[in-house]
Amino acid sequence: MLTRDRIGALLMLAFSLFYWLQIDEIRVLPFQANAAFTARTIPEILAIMGIVLSLVLLLKPGSNEKMQVTGFLWGKAALICIAMVAYGLTVRPAGFLISTSLFLMFGFWVLGERRPVIILAASVPLVVLFWLLMTQVLDVYIAALPAFLEG
C-alpha cells in the first residue's frame, strides 16, 4: 500500500539514483585520480546513504495510515518553488548578493514575517557573511554583483 512514507521513500530513491548517476560529471584533476578523498567522495557517500535509507523505508513493514493531503499550505509551497526557479534564473544576471538577498526576503515574507527590519536583518547579513566565507576563506569565486556594476 502506498503511504506517505513510501511515496517519500520512492521520491528519495529516484533522486538518489539520479544524483549517483550524475557524479561522473564532477571533474577530478589527473593528480587526484588515485587520492582517497576527491570532489566525488562526499557526493558518492550521500548518494549511497540516500539509496540505502530509501530502501529501508520501502522495505519496512508499513502502517495502515492513509495518505492525507489536506491541511498543508500548498499555496505557500508553490510560491517558494516559484521563487526558487526565479532565483536560479536571476543569480547570474543579478549577482549573488542581490538575488540571494531578494530570494531570502521573499521567502521570509511568504512564511509570514511582515516586519521589514527583521526581514532585512535576517537576510542581508547572512548573505554577505556567506559570500565572504566562500570568496575569502574558501577561495571560491562567486560574482557578487551584476557584471555591469562590477566594472
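Here is what the cut-offs are and how they apply
- Residues numbered from 1 in each chain as written.
- Predicted model: local features only at pLDDT ≥ 70, side-chain atom pairs only at ≥ 80, totals over all residues.
- Heavy atoms only, no water.
- Patch = residues over 30% accessible without salt bridge, like charges linked within 9 Å, V, L, I, M, F, W, Y side chains within 5 Å.
- Areas by Shrake-Rupley, 256 points an atom, 1.4 Å probe, with all protein chains shown as cover.
- Salt bridge = Lys/Arg side-chain N within 4 Å of Asp/Glu carboxyl O.
- Helix = DSSP H or I, 4+ residues; strand = E, 2+ residues; numbered from the N terminus.
- Buried < 20%, exposed > 50% of the residue type's maximum accessible area, 1.4 Å probe, protein only.
- Polar contact = N/O pair within 3.5 Å; in protein donor to acceptor, adjacent residues only side chain to side chain.
- Contact = heavy atoms within 4.5 Å.
- Phe/Tyr/Trp six-rings, centres within 6.5 Å; stacked < 30°, edge-to-face > 60°.
- Core = buried A, V, L, I, M, F, W, Y, C linked by side-chain atoms within 4.5 Å.
- Expected span 1.5 Å × (residues − 1).
- Arc of directions from axis to C-beta.
- Axes fitted to C-alpha atoms, helices over the stretch in contact; angles between N-to-C directions.
- Parallel < 35°, antiparallel > 145°, perpendicular 65-115°, else oblique.
- Left-handed = near helix turned anticlockwise from the far one by under 90°.
- Nonpolar A, V, L, I, M, F, W, Y, C, P; charged D, E, K, R; others polar.

A. Quick look at a nonpolar patch on the surface. A cluster of nonpolar side chains, M12, F15, Y19, F37, I42, I45, L46, M49 and L53, forms an exposed patch at the surface whose accessible area comes to about 890 Å². Contributing elements (two or more residues each) for the nonpolar patch: helix 1 (4-21) and helix 2 (41-59).

B. A look at the side chain of S101. Mapped onto the elements, S101 comes out in helix 4 (residues 96-110). Overall, the relative accessible area of 8% leaves S101 in the buried class. At a separation of 2.7 Å, a polar atom in the side chain of S101 contacts the main-chain carbonyl oxygen of L97. Ignoring sequence-local partners within four residues, the contact set of S101 consists of F96, S123, V124 and V127.

C. Seen up close, the packing of aromatic side chains. Counting across every chain of the model gives five aromatic pairs. Each ring, one from Y87 and one from F103, has its centre 5.2 Å from the other, and the planes form 35 degrees; the classification is tilted. Of this pair, Y87 sits in helix 3 (residues 74-94) while F103 sits in helix 4, and the two are 16 residues apart along the sequence. Note on Y87: relative accessible area 22%, which makes it partly exposed. F103 sits in the partly exposed class, given a relative accessible area of 22%.

D. Up close: the pattern of salt bridges. Applying the stated criterion across every chain yields a total of one salt bridge. Its salt-bridge partner being E113, residue R115 comes within 2.8 Å of it at the nearest N-O pair. Note on R115: relative accessible area 51%, which makes it exposed.

E. Local environment of the nonpolar core. Core analysis: the biggest nonpolar cluster contains eight residues, these being F96, L97, L104, V127, W131, M134, I142 and A144. Within the residue set of this core, elements represented by two or more residues are helix 4 and helix 5 (116-137). When sequence neighbours within four positions are dropped, the list of residues in contact with L104 reads S123, L126 and V127.

F. View of helix 1. Here helix 1 is 18 residues long and its end C-alpha atoms lie 26 Å apart, about the 26 Å a rise of 1.5 Å per residue gives. When helix 1 is considered as a whole, its buried residues turn out to be R6, A9, L13 and S16. The arc enclosing the buried residues of helix 1, seen along the axis, measures out at 85 degrees, which places them on a common side. Residues L11 and F18 are exposed on helix 1 and point more than 90 degrees away from its buried face.

G. Summary view of the packing of helix 1 against helix 2. At a closest axis distance of 8 Å, the pairing of helix 1 and helix 2 adopts a crossing angle of 155 degrees. It follows from the interaxial angle that helix 1 and helix 2 lie roughly antiparallel. Here helix 1 runs over helix 2; the crossing is left-handed. Along the contact surface, helix 1 presents R6, A9, L10, M12, L13, S16, L17, Y19 and W20, while helix 2 presents P43, L46, A47, G50, I51, S54, L55, L57 and L58. Class assignment for the residues of the contact of helix 1 with helix 2 results in 14 nonpolar, three polar and one charged.

H. Region of the structure containing the environment of F72. The residue F72 is located in the loop between helix 2 and helix 3 in this model. Owing to a relative accessible area of 43%, F72 belongs among the partly exposed residues under this scheme. Sequence separation between F72 and L89 is 17 residues, and the spatial gap between their C-alpha atoms is 27 Å.

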